[in-house]
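An overview of the molecular structure
Given next are the chains, with one letter for each unit.
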Amino acid sequence: MHTPDTLELTQQLIARASVTPVDGGCQQLMTTRLAAAGFNIEKLDFGNVENFWATHGSGEPVLCFAGHTDVVPTGPLEEWHTGPFQPTIVAGRLYGRGAADMKSGLAAMVTAAEAFVRERPDHKGKIAFLITSDEEGPSVDGTKRVVELFRERGERIDWCIVGEPSSEKVPGDTIKIGRRGSYSGRLTVQGVQGHVAYPQLAQNPVHMLAPALAELTQHVWDQGNEHFQPTTFQISNLNAGTGAPNVIPGELKARFNLRYSPVQTQDSLRRTVEGILDRHGVRYTIEWYVSGEPFYTPPGALSNAVSAAVKAVTGTAPVLSTGGGTSDGRFIATLGAQVVELGVTNGSIHKVNESVGVDEIHILHQLYLESLRRLFS
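In this report, we go over the structure that sits alongside the text. (Residues numbered from 1 in each chain as written. Predicted model: local features only at pLDDT ≥ 70, side-chain atom pairs only at ≥ 80, totals over all residues. Heavy atoms only, no water.)

**Quick notes on the overall build of the chain**
Spelled out, the test is: Under the scheme used here, helices are H or I runs from DSSP no shorter than 4 residues and strands are E runs no shorter than 2 residues, and both carry numbers assigned from the N terminus. A radius of gyration in this sense is built from C-alpha atoms; the matching globule rule multiplies 2.2 Å by the number of residues raised to 0.38. Three labels apply to residues, based on accessible area from a 1.4 Å probe with only protein chains included: buried if under 20% of the type maximum, exposed if over 50%, partly exposed otherwise in between. Counting rule applied: Lys, Arg positive; Asp, Glu negative; His and chain ends not counted. In plain terms, the charge of a residue is placed at NZ if it is Lys, CZ if Arg, CG if Asp and CD if Glu.
Along the backbone of the chain there are 9 helices and 19 strands. Taken over the C-alpha trace, the chain has a radius of gyration of 23 Å; the compact-globule value for 377 residues is 21 Å, and the two agree within 12%. By principal-axis analysis of the C-alpha atoms, the chain measures approximately 80 × 45 × 40 Å. Put simply, the chain has 377 residues, and 54% of those count as buried. When the 32 positive and 40 negative side-chain charges of the chain are each reduced to one mean point, those points stand 2 Å apart.

**Topic: the pattern of salt bridges**
Worth spelling out the cut-off: A pair is scored as a salt bridge if a Lys or Arg side-chain nitrogen falls within 4 Å of a carboxyl oxygen belonging to Asp or Glu.
Enumeration according to the criterion identifies 19 salt bridges in this entry. Between Glu155 and Arg153 there is a salt bridge, with its nearest N and O atoms 3.0 Å apart. Among the residues examined, Glu155 registers a relative accessible area of 18% and is labelled buried. When its relative accessible area of 36% is taken as the criterion, Arg153 is described as partly exposed. Residues joined in a network through salt bridges with shared partners are Glu119, Glu370, Arg373 and Arg374.

**Comments concerning the side chain of Gln27**
Quick note on the threshold: Under this definition, polar contacts are N or O atom pairs within 3.5 Å; protein pairs additionally need one hydrogen-donor-capable and one acceptor-capable atom, and for neighbouring residues in sequence, both atoms have to be side-chain atoms. Residue contacts are defined here by distance: any two heavy atoms, one from each residue, within 4.5 Å place the two residues in contact.
By the secondary structure assignment, Gln27 is in helix α2 (residues 26–36). A polar contact of 3.4 Å, which involves the side chain of Gln27, links it to the side chain of Lys43. Setting aside chain neighbours within four positions, we find Gln27 in contact with Lys43, Glu50, Asn51, Phe52, Thr69, Ile131, Thr132 and Ser133.

**Things to note about the layout of surface pockets**
Test applied: Lining residues are those with an atom within 4 Å of a point, where the points come from a 1 Å grid over the protein atoms alone and group into cavities, where a 1.4 Å probe fits but cannot get out, or pockets, open sets with protein on both sides within 12 Å along at least five of seven lines. Grid points are joined across faces, edges and corners, and a volume is the space filled by probe spheres set on the points. In this classification, Asp, Glu, Lys and Arg are treated as charged, Ala, Val, Leu, Ile, Met, Phe, Trp, Tyr, Cys and Pro as nonpolar, and every other residue, Gly included, as polar.
When its volume is computed, the largest pocket comes out at roughly 370 Å³. Surrounding the largest pocket, 19 residues form its lining, Arg179, Gly324, Gly325, Thr326 and Ile349 being those nearest its centre. Of the residues assigned to the lining of the largest pocket, the class counts are 3 nonpolar, 9 polar and 7 charged. Computed from the structure, the second largest pocket encloses a volume of approximately 320 Å³.

**Quick notes on the environment of Arg33**
By secondary structure assignment, the location of Arg33 is in helix α2. On the accessibility criterion, Arg33 (18% relative accessible area) is buried. Placed 78 residues apart in sequence, Arg33 and Thr111 show a C-alpha to C-alpha distance of 9.0 Å. When near neighbours in sequence (up to four residues on either side) are disregarded, Arg33 contacts Asp5, Leu9, Val110, Thr111 and Glu114.

**A closer look at the packing of helix α5 (residues 205–218) against helix α6 (residues 266–279)**
Here is the rule: To obtain an axis, a line is fitted to C-alpha atoms, over the contacting stretch when the element is a helix, and the angle between two such axes runs from 0 to 180 degrees between their N-to-C directions. Should the near helix be turned counterclockwise from the far one by less than a right angle, the crossing is left-handed, whereas a clockwise turn marks it as right-handed.
Between α5 and α6, whose axes approach to 9 Å, the crossing angle comes to 145°. Between α5 and α6 lies a crossing whose hand is right-handed. Judged by residue contacts, Leu209, Ala212, Glu215 and Leu216 of α5 engage Val273, Ile276, Leu277 and Arg279 from α6.

**Quick look at the packing of helix α3 (residues 99–119) against helix α9 (residues 358–375)**
How we decide: For classification purposes, an angle smaller than 35 degrees is called roughly parallel, one larger than 145 roughly antiparallel, one from 65 to 115 roughly perpendicular, and anything else oblique.
For the pair α3 and α9, the least separation of the axes is 8 Å and the interaxial angle reads 45°. Here α3 is positioned oblique relative to α9, judged by the angle of their axes. Remark: the crossing between α3 and α9 carries right-handed chirality. Residues Ser104, Gly105, Ala108, Met109, Thr111, Ala112, Ala113, Ala115, Phe116 and Glu119 of α3 lie in contact with α9, whose contacting residues are Ile361, Leu364, His365, Tyr368, Leu369, Leu372 and Arg373. Residue composition of the contact of α3 with α9, by class: 11 nonpolar, 4 polar and 2 charged.

Dropping the structure here:
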């Protein structure tokens, strides 16, 4: 069943330029529709970040649709075939920044909720939306901050469906039931600057780091477990030197990231990294940053219902996965909620010419609507 309204709403959202943390009017568009469907709207803005919490019904269980209206920057405009904020359909695909990540997901959530409350205006429990404009940015004043507020006031979330583009080839083929943690470091290696012709009077931080870096990149951190991939280490930035060809640099700066499974702790990761650097005699300092703890939702009422909805709509059972990057699900999970991520395919996200299949939008609407029916049957 095609739902032109979901496609139209996706196009309207894409047309609102909302490069993080700007919302661009997307949330106003959503809250106007949700209010018309009988949802209570609470704005929860912090700093320059817009958030809202919308609810329909009362009591428990509480199912929350979560997502973000902000998008990543467009990249080079000359590489876009169509304007990034001019939604355009070409050969059955809708192009525009946020088409997949995740304005199609937002539209499908809204139209599925509208359809469900028309079907069952007196449904049990509560259907909610938690939407932010700070997922692609620092993720400080968005879902994280709202969850802190919810913890203070005892706000309950039992089940959460995050509309991130979780699928690989067709909508619903993969459901995320957790994510690895993200632990980053800003490394500074101290050397002694000097002339390249007199290396005995200098100390090259690049040479100092190189053996340790080789070991870090080859290190087997763990084997993961039945639900999580092994921990990985990646250098994202490496800078040294003045630009002059005859000067040994006095300092090296590097940024690195560890994506880790629950078999690790931040302490164990930090001890391993610093132990390798120490063993190689590197003179360094590290500033550590946590951007996400790992979380995992064991198979239960939520994943069972969503999996059954996927099977009913598509005819194929989904794969349950914890792969990929972080999402705002990591914050919502700390409230004790079961969290799954279900969305369109992710092959074009964060790229120029981001797009989503028009059929995917219609399928996702059906997946969300069928999930609601099964969870509130």
